[in-house]
Amino acid sequence: MTIKKTRRSGKTKSADETPVCALCGSTENVIITPCCGNFACNPEKDKADSSSLRSNCASNHMFFTLCGYHYNEGHEGRWQDCELCKQSLETEIYVNLGTNDYNFEKLENPPEFKPTKCASCGSIIPLIEGGYSLLGKDYYCARCTAREFEQEMHNKNTD
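Numbers given for residues are sequential positions, taken from 1 along each chain in its written order. Since the coordinates come from a predicted model, pLDDT governs what is reported: local features require at least 70, and pairs of side-chain atoms require 80 or more to be given and counted, while whole-chain, interface and lining totals use all residues. Side-chain measures were taken over the full set of non-hydrogen atoms in the model, leaving aside hydrogen atoms and water.

Asks: What am I meant to see in the confidence of the model for the protein here?
Replies: When pLDDT drops low, the exact placement of atoms in the prediction is not to be read closely. Every residue carries a pLDDT, the predictor's confidence in it, which falls somewhere between 0 and 100. Of the residues in the protein, 82% reach a pLDDT of 70 or more, and the chain-wide mean stands at 85. When the elements of the protein are averaged for pLDDT, strand S1 (residues 3-5) gives the smallest value, 37, and helix H2 (residues 66-72) the largest, 98. Pairs of residues are marked as contacts when any of their non-hydrogen atoms sit within 4.5 Å. Within the model, pLDDT remains below 50 along residues 1-13, and this stretch shows 28 contacts once partners closer than five positions in the same chain are excluded. Strands here mean DSSP runs of E at least two residues long; helices mean DSSP runs of H or I at least four residues long; both are numbered from the N terminus.

Structure below.
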C-alpha cells in the first residue's frame, strides 16, 4: 500500500482511498489543483467548457480565489504573503477572492474596505459580480452605464 501526504491537511492518506473534494465532498472526478495541490472535483473534466461551470470546484478555486489568481499570474511565494496580489487588485476584490467558499484556506485578517459606489447615482456596486463600467477612477453601475450609452447613441443619431 502506497502512502501519500496531502498538502491541505498534511495527513497521510493511503493510495487505496478515494480522493475527496475538500470543498464539496464529492468523490467523482477529483483532481489535484495545480496551484496548491488540494483535491477538488472537476465533474466536467472531459468537456472543453468546464471552466464556466459553477459546480466545478476545481475551476472555481482556480478562477475565483487568491490562490488561483496568484498561481495564474505566476507570482512567487505564498499567496497569503504576496504584496503583488494585494497591489494588483481592488481591495474589495482581493478580500472576496481571499474569503469566499471556493478557498481551501481563507485569508486571515482581511483588510477593511468601503463599498464601491456608482459615481452617478450612489448605489453600491459589488465589484466581484461585474456589471459596471469604469471611467478613469469612477465606477458606474449597469443602470447608469446603460443610460449614458443610450444618451450617447441618441446624440450620435440626432447629429
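That shown, we press on.
Asks: Please clarify how the side chain of Asn100 should be interpreted in this entry.
Replies: Along the chain, Asn100 turns up in the loop between helix H4 (91-99) and strand S5 (132-135). Two N or O atoms count as a polar contact when they lie within 3.5 Å, although within protein this holds only if one can serve as hydrogen donor and the other as acceptor, and sequence-adjacent residues are included solely when both atoms are side-chain atoms. Among the polar contacts listed, one links the side chain of Asn100 to the backbone oxygen of Phe64, at a separation of 2.6 Å. Beyond its immediate stretch of four places on either side in the chain, Asn100 contacts Phe64, Thr65 and Lys106.

Asks: Mind showing me how you'd approach unusual backbone geometry here?
Replies: Most peptide bonds take the trans configuration, and most residues that are not glycine carry a negative phi. Despite not being glycine, Asn29 shows a phi value in the positive range, around 50°. Despite not being glycine, Asn109 shows a phi value in the positive range, around 50°. For Asn109, the position within the fold is in the loop between H4 and S5. Overall, the relative accessible area of 71% leaves Asn109 in the exposed class. Throughout this description, buried means an accessible area under 20% of the type-specific maximum (1.4 Å probe, protein chains only), exposed means over 50%, and partly exposed covers the range between.

Asks: Is there a simple way to explain the side chain of Thr33 in this structure?
Replies: Along the chain, Thr33 turns up in the loop between strand S3 (30-32) and strand S4 (39-41). The class for Thr33 is buried, based on a relative accessible area of 3%. Those residues within four positions of Thr33 in sequence are excluded, and the remaining contacts are Asn38, Ala40, His61 and Phe104.

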